[in-house]
Amino acid sequence: MLSFTSLFTLLAWTIFFNIHVRALPIERCAEDAVDYFNPLDKGGSLLDKSAGLGEPLNVIISAKSSPEILSFTNHGFLNYARAIGFSIECLGFHSGTPQSANLGDGRGDVNETAVIRENFKVPVLGTCIESLIGGNHFRVFPQTGTEANSGALFLAVSKEEDVSESHNIVPDGYNIGRDELVQAAMGIRTHDGVKYNTTVTDITDLLQPGAEGINHGIAQDGIVKMLTVTIIDS
Ligand SMILES: *[C@@H]1O[C@H](CO)[C@@H](O)[C@H](O)[C@H]1NC(C)=O
Ligand SMILES: *[C@@H]1O[C@H](CO)[C@@H](O)[C@H](O)[C@H]1NC(C)=O
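Keep in mind that this is a model prediction, so the values were computed, not measured.

A.B. asks: Tell me about the side chain of Ser150, and name the residues and values.
C.D. replies: Assignment of secondary structure puts Ser150 in the loop between strand E6 (135-142) and strand E7 (153-160). At 2.6 Å, the side chain of Ser150 and the side chain of Gln143 are in polar contact. Apart from the residues within four sequence positions on either side, Ser150 is in contact with Val34, Tyr36, Phe37, Ala63 and Gln143.

A.B. asks: So what about unusual backbone geometry? Which residues, and what values?
C.D. replies: Positive phi values are uncommon outside glycine, yet Asp172 reaches one of about 60°. Relative to the helices and strands, Asp172 resides in the loop between E7 and helix H5 (173-185). Its identity is not glycine, yet Asp192 carries a phi of approximately 50°, on the positive side. Structurally, Asp192 can be placed in the loop between strand E8 (187-191) and strand E9 (194-203). With a relative accessible area of 61%, Asp192 lands in the exposed category.

A.B. asks: Would you mind going over a nonpolar patch on the surface in detail, with residue names and values included?
C.D. replies: On the surface, a nonpolar cluster with roughly 440 Å² of combined accessible area is contributed by Phe120, Val122, Leu125, Leu132 and Ile133. Tracing the backbone through its elements, the reader meets Leu132 in helix H4 (residues 126-133).

Conventions and cut-offs
- Residues numbered from 1 in each chain as written.
- Chains lettered and ligands numbered in written order.
- Predicted model: local features only at pLDDT ≥ 70, side-chain atom pairs only at ≥ 80, totals over all residues.
- Heavy atoms only, no water.
- Helix = DSSP H or I, 4+ residues; strand = E, 2+ residues; numbered from the N terminus.
- Polar contact = N/O pair within 3.5 Å; in protein donor to acceptor, adjacent residues only side chain to side chain.
- Contact = heavy atoms within 4.5 Å.
- Buried < 20%, exposed > 50% of the residue type's maximum accessible area, 1.4 Å probe, protein only.
- Patch = residues over 30% accessible without salt bridge, like charges linked within 9 Å, V, L, I, M, F, W, Y side chains within 5 Å.
- Areas by Shrake-Rupley, 256 points an atom, 1.4 Å probe, with all protein chains shown as cover.
- Salt bridge = Lys/Arg side-chain N within 4 Å of Asp/Glu carboxyl O.

In short, shape yes, function no, at least from these values alone.
As structure tokens, this is what we get:
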């Protein structure tokens, strides 16, 4: 049988643990955390590659975001994507050839991790609607190579025509797609019990404005929107 003393000790330790250990911050950004490393510093580019030309990497998810956001899991980035009205491609089918990007992280050209489409707030089949009628979508490239391991996610965002136009980008579709995504993400969003606070910063020294080297010859304004996403207690 437990003696009074051991019960007391157990109780004391429980209280100590709850106050001193549980009260420690669960996650802490490293002191030297960066938002991202400039891909241009090590031979990378802010244009991805698809059949010679590229699409602008016009949104960055800062590595100073909560760590869950940067992990490509159902409860991590994919849950955040759903919170802002996107999900993984129609039934998991991946249409088209993957695009690749060099983020200057020592890995050279790396294929996209995923294509994420607007889901029109329709569960499961919503992204199939996007595949048919067009809409917003983005490709995800994580900066995780050993030479620039920020953990930031680079997104190539663009708005598409419907399937009859064989998924061409709408006029001004890079700027429009980026701005619609930012609009959908800004402020407080909740999905599956997780509450996200998203702030935006304009980065103007990474991407050249114009249409040079850009897929479909569609010009863009050269602004990269950096999103910092923090999970807050609901
Ligand atoms: C990238 O995708 C292409 C086309 O599917 C494939 O041939 C190539 O092996 C992939 N590269 C890597 C590194 O996975
Ligand atoms: C969201 O983040 C911004 C910028 O850090 C902050 O000012 C604001 O208070 C946050 N909102 C909530 C509800 O935490």
